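Secondary and tertiary structure notes
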Amino acid sequence: MKVLIINCGSSSLKYQLLDMTNETLLAKGLVERIGIEGSAITHEKTGRKDKFTLATPMEDHNDAIRHVIQALLDKDHGVVSSMDEIGAVGHRVVHAGEMYSKSVLIDKSVIKALNDCADLAPLHNPPNITGIEACQAIMPGTPMAAVFDTAFHQTIPPEAYVYAIPYEYYEKYRIRRYGFHGTSHKYVAERTADILGVNIKDLKIITCHLGNGASVTAIKRGKSLDTSMGFTPLEGLVMGTRAGDLDTAIIQFLCEKEDMSLPEIMNVLNMESGVYGLSGVSSDFRDLEQAVEAGNERAALAVKVFAHRVRFYIGAYIAIMNGVDAIVFTAGLGENSAEVRAIICNELGNLGIKLDLVKNKVRGKESVISKDDSRVAILLIPTNEELMIARDTYKLVNKLKRNV
Ligand code: AMP
């Protein structure tokens, strides 16, 4: 079965088509600037060097999906000869609130549940729903599944997910820690067990998803026990442009001193903070590393603050799990920056965590990068959220077919 994976943002759409008989990627692409001047699709067929690009007006997500299907059917760059070959569609959905702890087949009740929790993720859920509805309009007979970023973290116990604010706010509005990047944390934890040849139920793992958005998760016996992102993806680690943890009193202080409205402050905390705000250089660690080499002290400080917070969470999660067997680095920064991994793992020998600086000189390739005498295995595992979404979709659709 061929499964189409859709990840919809407000003005962009990423897609992949996978053949699930052997879990191979057939094609992938990106539609940008949907509904804005300059819409374009870039499509890549596996094994072909040149990309197919088309700049053409796309008014909405329906237009975008139509162009995705056309690219997949294209005589030259296409990978299917008819739309009927696409057996299922898997949608990445950011927030399921407390509704779903697993992926689900999409029906009307799922769409309603996602609409009901749209105010928990106002930037993410509405475009996710738009993407689902656009696909349903264009591929009405094709079964679809929703795979949630929050689902994996639904095993976090109450003592880790409630905030110490009046309990009625949890009861009234479901204000609690949800956690995100769940599909990625779950994928790399499962790969860790495979690579180490140990049953996941016998492992305590700390997974560090370090990308533009970043989070750390404590995983015991294959279940998420705590994670650094909270009610929204703003909490936790220092990120590209997000502040992460901070004293909430700063918000009122800044409102008064800078005469800013709440939405303006939230924009600062989401878009102008993190390593970008600290360094004044960039949110991208490639630029920061260059700036550090050129002697930029604020860029150096930003990298140190970032690494300090990751170390802080690693320590906390060792305490929460009463130990750790493996620490995993993934996502853009975690997979590519030997430098940042080295700063994070520096002088943790007393905790049994010893990075091998030679093995650490690797990028984007599954590897064990700890020293042979390190009690804790340190791994680099490229994440593959799309494959996880495809696997869940494939499983759900097969089950549906068996039950029909
Ligand atoms: P992601 O959100 O997972 O796509 O990660 C994107 C981020 O990864 C970028 O903003 C960079 O900070 C970081 N990154 C990607 N490639 C590299 C690299 N070669 N060296 C250092 N950082 C990188």
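Our structure's up above, just so we're on the same page.
Residues numbered from 1 in each chain as written. Predicted model: local features only at pLDDT ≥ 70, side-chain atom pairs only at ≥ 80, totals over all residues. Heavy atoms only, no water.

In this section: the overall build of the protein chain. Across its full length, the protein chain holds 14 helices and 14 strands. In terms of overall size, the protein chain behaves like a compact globule, its C-alpha atoms giving a radius of gyration of 22 Å where 404 residues would be expected to give roughly 22 Å. Its C-alpha atoms give the protein chain principal-axis dimensions of roughly 60 × 55 × 45 Å. For the protein chain, the proportion of its 404 residues judged to be buried stands at 50%. Split by element, the accessible area of the protein chain, about 19400 Å² in all, is 51% carbon and sulfur. (Helix = DSSP H or I, 4+ residues; strand = E, 2+ residues; numbered from the N terminus. Rg over C-alpha atoms; globule rule 2.2 N^0.38 Å. Buried < 20%, exposed > 50% of the residue type's maximum accessible area, 1.4 Å probe, protein only. Areas by Shrake-Rupley, 256 points an atom, 1.4 Å probe, with all protein chains shown as cover.)

Following the sequence through the fold, H185 ends up in helix 6 (residues 182-196). Overall, H185 belongs to the buried group, its relative accessible area being 0%. A distance of 2.8 Å separates the side chain of H185 from the side chain of S215, its partner in a polar contact. Side-chain polar atoms of H185 contact the side chain of T217, separated by 3.2 Å. (Polar contact = N/O pair within 3.5 Å; in protein donor to acceptor, adjacent residues only side chain to side chain.)

Let's shift gears to the sheet that holds strand 14 (residues 377-380). Overall, mixed pairing links the 6 strands, which are arranged 11-10-9-12-14-13 in an open sheet. Edge strands, defined here as strands with exactly one partner in the open sheet, are strand 11 (223-227) and strand 13 (367-368). The pairing of strand 10 (residues 214-220) with strand 11 spans 4 bridges and is antiparallel. Paired with K220 across the bridge in strand 11 is K223. (Pairing = 2+ DSSP bridges.)

We now examine the packing of aromatic side chains. For the structure on display, the rule yields 8 aromatic pairs. For the ring pair Y169 and Y173, a centre distance of 6.5 Å and an interplane angle of 15 degrees mean the geometry is stacked. Of this pair, Y169 and Y173 are both found in helix 5 (residues 167-173), 4 residues apart, which corresponds to roughly one turn of the helix. Take Y173: its relative accessible area is 48%, and that puts it in the partly exposed class. Members of the aromatic cluster, joined through ring pairs, are Y161, Y167 and Y170. A cation over a ring is seen here: R174 above Y170, with NZ or CZ 4.5 Å from the ring centre. For R176, the ring lying beneath its charged end belongs to Y161, and the centroid distance is 3.6 Å. (Phe/Tyr/Trp six-rings, centres within 6.5 Å; stacked < 30°, edge-to-face > 60°. Lys NZ or Arg CZ within 6 Å of the ring centre and 35° of its normal.)

Turning to the pattern of salt bridges, a few remarks are in order. Two side chains that carry opposite charge are able to pair once their charged atoms sit near each other. Scanning the entire structure with this criterion turns up 18 salt bridges. The salt bridge involving R48 is made with D50; its shortest N-O contact spans 2.7 Å. With a closest N to O distance of 2.6 Å, D149 and R92 form a salt bridge. With D149 in the loop between strand 8 (144-148) and helix 4 (158-161) and R92 in strand 6 (residues 86-93), the pair connects residues that are 57 residues apart, well separated along the chain. On the basis of relative accessible area, R92 is assigned to the buried category, the value being 19%. Each of R48, D50 and D76 takes part in one network of salt bridges that share partners. (Salt bridge = Lys/Arg side-chain N within 4 Å of Asp/Glu carboxyl O.)

Before going further, it helps to spend a moment on the state of the cysteines. Tallied over the full model, the rule gives 0 disulfides. Looking at the unpaired C8, the closest cysteine sulfur is the one in C135, lying at 7.1 Å. Given the relative accessible area of 4%, C8 is considered buried. The structure places no disulfide on C345, whose sulfur is separated from the nearest cysteine sulfur, that of C208, by 7.8 Å. (Disulfide = S-S within 2.5 Å.)

With respect to the secondary-structure elements, S374 resides in the loop between strand 13 and strand 14. Owing to a relative accessible area of 11%, S374 belongs among the buried residues under this scheme. Among the polar contacts made by the side chain of S374, one reaches the main-chain amide nitrogen of K354 at a distance of 3.0 Å. Among the polar contacts made by the side chain of S374, one reaches the main-chain carbonyl oxygen of V376 at a distance of 2.6 Å. Excluding anything up to four places from it in sequence, S374 contacts G352, I353 and K354. (Contact = heavy atoms within 4.5 Å.)

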